[in-house]
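Coordinate inspection notes
The primary structure of each chain is shown beneath.
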Amino acid sequence: METRLVVLLVEDDPDSVSDYKEDIEGTIDVIVIAVAPPADLADLATAVNQHNASAVILDELLQQRSDATYLGIDALEYLGSAFPGLPLDILTNYPHGPELRGRKLYVDNLIRKWDFDDNEAFRRAYLQKLYERMKQYRERENEHRQLATTADAVTEEFVASLARLHFDTDSGVEKIIWVRSCGVKQICLIEVNRTALPADRVEAFRFAPSKDVPFPLFITDVRPTEWERIQNGEMALPEGWTLENALTFLRPDIS
Amino acid sequence: MWARAYVEQARSDWDTGKVVTATKGCAACHWLHYLQMTTEKLGKAALLRSGGDLEAIKTSHKAFVRFLRVAARSPSLRQMLGYNVQQLKAYVDEVLPIAEGIERLAPALAQQGPNAEYPWETPAGAIVAPASHNFSVLEDLRKPQGRKLLRLILRVLDNFDAIF
């Protein structure tokens, strides 16, 4: 099984791809997988997932030989939000180009092509630093995966991490109640969400076990007023759910 | 099992909708009707697979949008699509308004207004048949967000057992 870390190279110029691949793989112990920029940014994110990339290097002007509807800086912002902590860098000959002006781009993420191509010391130093960033990112990712895959019963630590993810995902979620009466082989969550649709009964969706959450996961969104009715016993929970021994997680910024 | 039967019927609605769209001269309301029924049954199938009460679910018309609202928090859906949570949230946020528009095509939710099945009376007193109405959601479905929604519906239909 291949264990080397993967650099995803997003480049629309086939001639440049082989040069960069040779330079990078000749300097650090990684595999470079090159992809032509897909038309949609969501498909680029899918490529990051598919290849389990630990870093992405983007050309800035991606639209010259591809159907891409975005620039490298757009992709950097999108992927930065989708993959927090993933090393992302832009290669460009035009670091002061108008498309980059006014965009939040750290100098560390901007690599001048002529430095990379012609200055071996620069290239070596940059790639060594990138390799360290990749290893750190992969270690953090592996820790999270290990937490998921080694669990054979639901733990408070695991549900707490899931709750944090859900707070991050949906700003409407105010608190999450872990219904522990569901048992240790599945997770049942009542998520108090101020943007939930009104309902006259509590309906939970069950999601099958996955790589990240290796347990059946039940989620129901209820409005704050409905949560009050549930606590008062005026609104019934699904069969087998009780609030006895339930644990409440509060949104970190409102707790 | 009820959930399986609902998925089967949703799939049949989807396939019939495709036949309808390929039929020359067929009014758009018929495809929208099959699309609305597809999503309604798919949402109900998800609730049934989740252990919901059959009699209560039978009368619900809002299950699909409810599903979409929690979809980003579904690890199995994320795994199936190869998306992470932020990607799926962004995807769902884009398609949600169109899904709500499709849901409202059900006569029970249309509040005696435009729906894909029965004539209605406008506030000005005109009687309109769905067959001659220009549905705004049809335009939405032609946009990239609409195509994304259709793609998502198909993926959920095709991978129902892996997701729920």
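All values derive from a computational prediction rather than experimental measurement. (Residues numbered from 1 in each chain as written. Chains lettered and ligands numbered in written order. Predicted model: local features only at pLDDT ≥ 70, side-chain atom pairs only at ≥ 80, totals over all residues.)

Overview of the overall build of chain B
Scanning chain B for helices and strands turns up nine helices and two strands. The order of helices and strands in chain B, counted from the N terminus, is α-α-α-α-α-α-β-β-α-α-α. Each of the 164 residues in chain B was classed as buried or not, and the buried ones make up 46%. (Helix = DSSP H or I, 4+ residues; strand = E, 2+ residues; numbered from the N terminus. Buried ≥ 20, exposed ≤ 12 C-beta atoms within 10 Å, placed from the backbone.)

Let's talk about the overall build of chain A
Helix and strand counts for chain A stand at seven helices and 10 strands. Across the 255 residues of chain A, 34% fall into the buried class.

What about the interface of chain B and chain A?
It is common to report an interface's size as the accessible area lost on association of the parts. Facing the 30 residues of chain B at the interface are 28 residues of chain A. When residues of the side of chain B that touches chain A are traced back to their parent elements, those giving at least two are helix H2 (28-49), helix H4 (63-71), helix H5 (75-81), helix H6 (85-103) and helix H9 (160-163) of chain B. The element contributing the most residues to the side of chain B that touches chain A is H6(B), with five residues. (Contact = placed C-beta atoms within 7 Å.)

Concerning the packing of H2(B) against helix H8 (residues 144-158) of chain B
All names here are of chain B. Close contact between H2 and H8 brings their axes to 11 Å; oriented N to C, the two are set at 45 degrees. What the angle tells us is that H2 and H8 run oblique. Every pair of crossing elements has a handedness; the one defined by H2 and H8 is left-handed. Contacts from Thr38, Thr39 and Leu42 in H2 reach Ile153, Val156 and Leu157 in H8. For the contact of H2 with H8, the class distribution of residues is four nonpolar, two polar and no charged. (Axes fitted to C-alpha atoms, helices over the stretch in contact; angles between N-to-C directions. Parallel < 35°, antiparallel > 145°, perpendicular 65-115°, else oblique. Left-handed = near helix turned anticlockwise from the far one by under 90°. Nonpolar A, V, L, I, M, F, W, Y, C, P; charged D, E, K, R; others polar.)

Some words on the pairing of strand E1 (residues 5-10) of chain A
All names here are of chain A. Looking at chain direction, E1 and strand E2 (residues 30-35) are connected through six bridges and run parallel. Paired with Leu9 across the two strands is Ala34, which belongs to E2. Once you follow E1 into helix H1 (residues 14-25) and on to E2, the crossover reads as right-handed. In terms of strand pairing, E1 meets strand E3 (residues 55-59) through four bridges, oriented parallel. Residue Val10 lies in a different strand from E3, and its bridge partner there is Leu58. (Pairing = 2+ DSSP bridges. Right-handed = clockwise from strand over helix to strand, strands pointing away.)

Points about helix H6 (residues 156-169) of chain A
All names here are of chain A. For H6, spanning 14 residues, the distance from its first C-alpha to its last is 20 Å, which sits close to the expected 20 Å at 1.5 Å a residue. All of the buried residues along H6 are Val159, Leu162, Ala163, His166 and Phe167. Down the axis of H6, the sector holding all buried residues measures 140 degrees, keeping them to one side. Each element contacted by the buried residues of H6 is listed here: strand E6 (173-178), strand E7 (187-193) and strand E10 (247-250). (Expected span 1.5 Å × (residues − 1). Arc of directions from axis to C-beta.)

Examining H6(B)
Residues spaced three or four apart along an α-helix point in a common direction, a consequence of the helix completing one turn every 3.6 residues. A bend of about 40 degrees at Leu96(B) is the largest found in H6(B), and the proline Pro97(B) appears one to four places after it. Of all the positions in H6(B), only Gln87(B), Leu88(B), Tyr91(B), Val92(B), Val95(B), Ile98(B), Ala99(B), Gly101(B), Ile102(B) and Glu103(B) are classed as buried. (Bend = angle between axes of the 7 residues up to and from the residue.)

Observations concerning unusual backbone geometry
In the Ramachandran plot, Asn52(A) falls in the positive-phi region, its phi being about 50 degrees despite a non-glycine side chain. Checked against the element boundaries, Asn52(A) lands in the loop between helix H2 (41-50) and E3. For Gln111(B), which is not glycine, the phi torsion reads 50 degrees and is therefore positive. Considering the arrangement of structural elements, one finds Gln111(B) in the loop between H6 and strand E1 (120-121). Under the C-beta neighbour-count criterion, Gln111(B) is labelled exposed, with 10 such atoms within 10 Å.

Description of the confidence of the model for chain B
On average, residues of chain B score 93 in pLDDT, and 100% of them are at 70 or above. Overall fold confidence (pTM) sits at 0.68, and the ipTM for the predicted complex is 0.87. (pLDDT = per-residue confidence, 0-100.)

Things to note about the packing of H2(B) against H6(B)
Residues and elements named next belong to chain B. Axis separation between H2 and H6 bottoms out at 9 Å; the angle between their running directions is 105 degrees. Considered as vectors, H2 and H6 are oriented roughly perpendicular to each other. Here Leu35, Gln36 and Thr39 of H2 come into contact with H6, specifically with Ala99, Ile102 and Glu103. Along the lines of polarity and charge, the residues of the contact of H2 with H6 split into three nonpolar, two polar and one charged.

Re the sheet that holds E3(A)
Residues and elements named next belong to chain A. Spatially, the five strands line up as an open sheet ordered E2-E1-E3-E4-E5, and their pairing is parallel. Each having just a single partner strand, E2 and strand E5 (110-112) make up the two edges of the open sheet. For this sheet the average axis-to-axis angle between neighbouring strands, irrespective of direction, equals 25 degrees.

Re the sheet that holds E7(A)
Residue and element names in this part refer to chain A. Taken together, five strands build an open sheet; the order of strands is E8-E9-E7-E6-E10 and the sheet is mixed. Looking at strand neighbours, the two that pair on one side only are strand E8 (205-207) and E10, the edges of this open sheet. The sheet shows a mean angle of 25 degrees between the axes of neighbouring strands, direction not considered. Strands E6, E7 and E10 of the sheet are contacted by H6, whose axis makes an angle of about 160 degrees with E6.

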